[in-house]
Amino acid sequence: MSESPWEIVIGLEVHVQLRTRTKVFASAPWGFGEEPNEQVDPVVLGLPGTLPVVNRVAVEQAILFGLVVEATIPERCAWDRKNYFYPDNPKNYQLTQKDFPVTLGGQVEIELPGPSRNVMGEHKMIRLHHAHLEEDVGKLSHSGSGSLVDYNRAGVPLLEIVTEPDLRSAAEAAAFLNALVTMLTQAGVADCDMEKGQLRCDANVSVRRRGDTQLGTRTETKNLNSISGVRDCIQYEAARQIRELEEGRKITQETRGWNAVNARGYVLRDKEDAHDYRYFPDPDIPTLKIARATVERLQKLVPERPFHRQRRYMEKLGLPYTVTSVLIADKALADWFEAAAAAYPQNPSGIANWVANDLLRDLSAATSAPDAFSEPSVAKVSLVDCRIKPAQLAGLVKITDEGVISKQQAKEVFAEMFRTGQDAGEIVNAKGLRQNSDAGELEKIIQEVIADPAVAKSIAEYRAGNEKAINALKGPIMKRTQGKANPAMIDQLLRKHLG
Amino acid sequence: MSDALHLLSATEIAQRLHAGTLTSRALVEALLIRYRNLNSKVGAFTYLSESDVIAQAEASDERRKQGKTLSSLDGIPVAIKDNIAVKGQPLTCSSKMLAKLISPYDAHVIEALRAAGAIIYGRLNMDEFAMGSSTENSALQKTYNPWDLARIPGGSSGGSAAALAAGFVPLALGSDTGGSIRQPASHCGVVGLKPTYGLISRYGLVAFASSLDQIGPMARSIDDCELLLNALASPDARDMTCFDQGQRTLLPPVAVNQLRIGIPRGILDKGVGQEVAAATRAAIDFYRAQGATIVEVDLPSSDLAVPTYYVVATAEASSNLARYDGVRYGHRSSQATTPVEMMTLSRSEGFGPEVKRRILLGTFVLSAGYADAYYVRALRARSKILSEHLAALEKVDMILTPTVPTPAFKAGEKISDPLQLYLEDIFTIPANLAGLPALSVPCGKSQHLPVGFHLVGAPLSEKKLLAASRVFEASHPYRHQQAPL
Amino acid sequence: MAKGFDIDHLAKLARLQLSAEEKALYSNQLSQVLTYFETLARADLPPAANVAQVIEESALRADIPGQSLGVEAVTKIAPASRDGQISVPRVVDDES
Ligand SMILES: [Mg+2]
Ligand SMILES: [Zn+2]
């Protein structure tokens, strides 16, 4: 495949609703599903005489995000007014941070899709320019000749995360958003539920000939509200720009919209119509001094970064890539795994397999269908309700490893543990599942099996040096012990008898 | 005796209520009679619910009977400038834009007054959105100076000053962005204080220019002014620029013979009327005779104050007044078919000429390509003005000037010349830019019209300013002169 | 100091519709005021403005829900409403 002569350059501005109980500058509550205009107080409505008061938790969530992405937390941050008239904007200015944002710089590690699902893809660091704390606007809906405004969403805290133009493809943009969502949710900063509009994205796209060092003229597409929308829009827009340039036309710097229904972009306004936002420092909110003690306190809440965790699992615990990518996608699941592995450090791989396969499968089946908008195959599972506790799974793996029960029996025990929350040992005792380790009885069965002419060929092969041929004898032995035999002991006795 | 109830000071009323020789209801009824007879001449009030104020007075008398009096303000009427929110009452800002708005909430100062038992007594006329120095910019009605009904009362708190001078009410709230309490106080012969920025919560004060606006007390005497100030100045978590408990310790008063008073060099030479200058000199001589030290001070950037003020104030105003668009409340044009048209027409119909002029000016000084030359430079000039004032106030306790260069002008005289009108505020503006407390005290007459002097002090020096002027007031009892109504 | 201003552009930015007379009047008055502002352009000023007020985190609001106005109070003061929402002429360019 020959490389395209064009390079795509993408920068994203991501708006995330922070997880707080009240609005960013008003104590009115917010949350999904309320009746229109029920989450509105005099401040949210911008009634004359009202004033903003900054929500401490919103600031702390923003700082915590900054620490998660290794950003600089400046000594001071301040708010500005962005002036523009729109019916969903109660004051006709938006409180935002232009010159002194709450975080500066930072980076997000992304993983590009690998050659196959089982193989790790290329990793890349995407630099952030900054993140700032601002307020959301109300919601417009249209009916006939009119529009209706609901201000419930007005004033909801938004963190606007702005990247450097470091992304080079639609796939990278999608990978970035996935990584960002993972970090935001794992830190408890935001829920990122795109169905509820909790994450929205503006995409700045330009193209240039490979090797050029100057950036091309960019366009900004506003208000993309799903990761697939971002991917489709970037593909569309890059293709459009390349076509324009190849046909000898110029790209105009413009603001665009995206129609997700017909998967087409359209022009909202060109540079001539660009807003003059008349930014100035908000005189109602003093400059905020961020104490270093606050930063240190929040630093302790920063969870291990997902890819760091993945490398640790692979390198220190010897887990395979596929299992680690399932675990790290869900912080609660990974934490659960680590608790189990700590209770039985001898076999982290065995525990990881149970968690990533059996536990996750049974939890998903027990929970409702996974969220249609969460694009990576991260099932929304509730470990809180899980009856099995980490130490109990560790116990199951331990008795399996010790040969107390067979792997086959362990599956049965696991199912019972998942249902009842009992310890593995209790179930094994109650069901009489203890694996047969009586050497005398086993030796008798083995002698009978060896004598069977049906296996003579396998025995000959084994004796001729084919190690694997011995396995053909194990099935019949297991069958005659009804699965209760200890596989290690079978192996040992077989070898003794076959000399 | 009862026919003179309208001249009593709040302090005297409090004594009589306490002694049981007067009830709040009797007081309010006397004041209502005066209101009915004379408000149509003066035009101070734009709204007053007689049944509501009588009910409040009765409730106060009932509390007193049960020994549950809330404070020394209990039962005493306070009239409210129409840009301070009172739940269930109009909040018009004397604008067509908000002519029909009933406030669904109380300002912090209103909550504080209610907690003190004061009677929330009617709404006072003002320049539209507090923009003006004559109260002629009201879209609702005209207000006249009780000392000469052909003249303006000053502004923008013209209704507040006129109501006090007319004996409608003993106490009133005003707001001051560039002199809007002190200038009408001077023109109407009453006391007006603009507190240190941050001392009184702005929650519920309709914003004109947020970094300059302060609510302040207005009264007919220094004691009354201080009584009202004490009731208003308390922490409020709803205004982030309002001081919290630990930041609001007022500086102690200074004895008059220890006082150092600064006079800006050459202050009386340019543009100050002869009689205003004479009254100011007399006040300076008085303080000197009392043993105060009079010092000349330099404030080299004084000539920057007015342009700096108009850049900062209009910039903030253009943004603060953007919310009046006919969408959520207030006037909505019936002519519009698109949201842009609706907002544009609602604003064009709802705002008066001075408001439009300032919105346009403020929009310009913030606009792309001009903000650095105007708005950003004005912020730098503001810093310079502040540091010069703080440096001067290291050497002296307070700075004394006239409040206004000339006495109240005739209605209609200056309204056509905005620039000349802006110069009315030349002495009062620096205190707003620097966030300093400032007080206007009646000090004499220019012909038949009152004039005041103006004191500016260091942050939180309100008690110093009040104590110094109390000494003056004691030997210059102008308040006992009644406006000839 | 730059002095030119475009009254039509300013009026559009400020969402004001001005008659021809108003445009002439305001243009005239604005240019007078801006001429007066030239003292600012000539003044020797500090390189940057001071930060007016600084607060610490303790001055921020705890994240504890307070009272809403209630949809009735919101629609009561609204010039036009339907089904608990504020109604306006149809918004075409739906971006924010
Ligand atoms: Mg953006
Ligand atoms: Zn934003």
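Above this text is the structure in question.
Read on for an overview of the structure. (Residues numbered from 1 in each chain as written. Chains lettered and ligands numbered in written order. Predicted model: local features only at pLDDT ≥ 70, side-chain atom pairs only at ≥ 80, totals over all residues. Heavy atoms only, no water.)

## Notes on the interface of chain C and chain B
Right, on to step 1. Each partner contributes to the interface: chain C provides 49 residues, whereas chain B provides 57 residues.
Right, on to step 2. Of the roughly 4500 Å² buried between chain C and chain B, counting both surfaces, carbon and sulfur atoms make up 69%.
Right, on to step 3. Along the contact surface separating chain C from chain B lie one salt bridge.
Right, on to step 4. Two residues, Glu 22 of chain C and Lys 356 of chain B, come together in a salt bridge whose shortest N-O distance is 3.3 Å. (Contact = heavy atoms within 4.5 Å. Buried area = accessible area lost by both parts, 1.4 Å probe. Salt bridge = Lys/Arg side-chain N within 4 Å of Asp/Glu carboxyl O.)

## Quick look at the pattern of salt bridges
Two side chains that carry opposite charge are able to pair once their charged atoms sit near each other.
Right, on to step 1. Evaluation of the coordinates by the stated rule reveals 69 salt bridges over all chains.
Right, on to step 2. A salt bridge links Glu 7 of chain A to Arg 208 of chain A, with the nearest nitrogen and oxygen atoms 2.9 Å apart. Of this pair, Glu 7 of chain A sits in strand E1 (residues 6–17) while Arg 208 of chain A sits in strand E11 (residues 199–209), placing them 201 residues apart in sequence.
Right, on to step 3. The class for Glu 7 of chain A is buried, based on a relative accessible area of 15%.
Right, on to step 4. The class of Arg 208 of chain A is buried, set by a relative accessible area of 11%.
Right, on to step 5. Salt-bridge contacts for Glu 111 of chain B lead to Arg 238 of chain B; the nearest nitrogen and oxygen are separated by 2.9 Å. Separated by 127 residues along the polypeptide, Glu 111 of chain B in helix H4 (residues 108–115) and Arg 238 of chain B in the loop between helix H7 (222–232) and strand E7 (260–264) bring together distant segments of the chain.
Right, on to step 6. Via salt bridges that share partners, Glu 304, Arg 309, Arg 312, Lys 331, Asp 335 and Glu 338 of chain A belong to a single interconnected network. (Helix = DSSP H or I, 4+ residues; strand = E, 2+ residues; numbered from the N terminus. Buried < 20%, exposed > 50% of the residue type's maximum accessible area, 1.4 Å probe, protein only.)

## Describing the sheet that holds strand E3 (residues 80–83) of chain A
Adjacent strands of a sheet form backbone hydrogen bonds with each other and so pair up, either parallel or antiparallel.
Right, on to step 1. Within the open sheet, the three strands sit side by side as E4-E3-E15 (chain A). Their pairing is antiparallel. Two strands in the sheet have a free side with no partner beyond their single neighbour: strand E4 (93–96) and strand E15 (280–281) of chain A.
Right, on to step 2. Across the sheet, helix H9 (residues 305–320) of chain B lies against E3, E4 and E15 of chain A, angled at about 60° from E3 of chain A, the strand it touches most. (Pairing = 2+ DSSP bridges. Axes fitted to C-alpha atoms, helices over the stretch in contact; angles between N-to-C directions.)

## A short note on the pairing of strand E10 (residues 438–446) of chain B
Residue and element names in this part refer to chain B.
Right, on to step 1. The element E10 is largely enclosed, with a buried count of eight among its nine residues.
Right, on to step 2. Pairing of E10 with strand E11 (residues 449–457) involves eight bridges; the strand directions are antiparallel. Residue pairing for E11: Ser 446 is matched across the bridge by Leu 449.
Right, on to step 3. Taking the residues between adjacent antiparallel strands as the criterion, E10 and E11 are bridged by two residues, where Gln 447 takes a positive phi near 55°.

## Considerations on the packing of helix H8 (residues 274–289) of chain B against helix H15 (residues 462–475) of chain B
A packed helix pair is summarised by two numbers, namely the angle formed by the two axes and the spacing between the axes.
Residue and element names in this part refer to chain B.
Right, on to step 1. In the contact formed by H8 and H15, the axes pass within 11 Å of each other and the chain directions differ by 105°. What the angle tells us is that H8 and H15 run roughly perpendicular. Contacts from Ala 283, Phe 286 and Tyr 287 in H8 reach Ala 468, Ser 469, Val 471, Phe 472 and Ser 475 in H15.
Right, on to step 2. Per-class residue counts for the contact of H8 with H15 are six nonpolar, two polar and no charged. (Parallel < 35°, antiparallel > 145°, perpendicular 65-115°, else oblique. Nonpolar A, V, L, I, M, F, W, Y, C, P; charged D, E, K, R; others polar.)

## So, the coordination of the zinc ion (ligand 2)
Residues and elements named next belong to chain A.
Right, on to step 1. Looking at the metal site, the zinc ion (ligand 2) is ligated by His 15 (NE2), Glu 134 (OE) and Glu 160 (OE), spaced 1.9 to 2.1 Å from it.
Right, on to step 2. Summarised as a motif, the one-chain spacing of the donors to the zinc ion (ligand 2) is H-x118-E-x25-E.
Right, on to step 3. Taken as an interatomic distance, the gap from the zinc ion (ligand 2) to the magnesium ion (ligand 1) is 4.4 Å. Of the two residues, His 15 sits in strand E1 while Glu 134 sits in strand E7 (residues 123–135), which places them 119 residues apart along the sequence. (Donors = N, O, S within 2.8 Å, 3.2 Å for Na, K, Ca; no water.)

## Describing the interface of chain C and chain A
Buried accessible area, meaning the area lost when the parts come together, often serves as the stated size of an interface.
Right, on to step 1. Taken residue by residue, the interface counts 38 residues in chain C and 55 residues in chain A.
Right, on to step 2. Together, the buried faces of chain C and chain A total about 4300 Å²; carbon and sulfur atoms form 53% of this surface.
Right, on to step 3. There are two salt bridges connecting chain C and chain A.
Right, on to step 4. Between Glu 57 of chain C and Arg 297 of chain A there is a salt bridge, with the nearest N and O atoms lying 3.9 Å from each other.
Right, on to step 5. At the junction of chain C with chain A, the criterion picks out 27 residue pairs in polar contact (both at pLDDT 80 or more).
Right, on to step 6. For the side of chain C that touches chain A, the secondary structure elements donating two or more residues are helix H1 (7–13), strand E1 (54–56), helix H4 (71–77) and strand E3 (85–89) of chain C.
Right, on to step 7. Per-element tally for the side of chain C that touches chain A: the top contributor is E3 of chain C, with five residues.
Right, on to step 8. As defined by bridge partners, strand E9 (residues 146–150) of chain A adjoins E3 of chain C across four bridges and the pair is classed as antiparallel. Within the sheet, the bridge partner assigned to Val 149 of chain A lies in E3 of chain C and is Ile 86 of chain C. (Polar contact = N/O pair within 3.5 Å; in protein donor to acceptor, adjacent residues only side chain to side chain.)

## Focus on helix H2 (residues 170–186) of chain A
Residues and elements named next belong to chain A.
Right, on to step 1. Between its first and last C-alpha, H2 extends 24 Å over 17 residues, near the 24 Å set by a 1.5 Å rise per residue.
Right, on to step 2. Of all 17 residues in H2, 14 are buried; the element is thus mostly enclosed.
Right, on to step 3. Trailing H2 by a residue or two, Gly 188 shows a phi angle of about 75°, which is positive. (Expected span 1.5 Å × (residues − 1).)

## Digging into empty space enclosed by the protein
Right, on to step 1. Applying the stated criterion across every chain, the model contains eight cavities of 30 Å³ or more.
Right, on to step 2. Volume-wise, the largest cavity comes out at about 140 Å³.
Right, on to step 3. For the lining of the largest cavity, the per-class residue count stands at eleven nonpolar, two polar and five charged. (1 Å grid on protein atoms, 1.4 Å probe; cavity = no way out; pocket = protein on both sides within 12 Å on 5 of 7 lines; lining within 4 Å. Points joined across faces, edges and corners; volume = space filled by probe spheres on them.)

Note that all results are geometric; they support no functional claim without further evidence.
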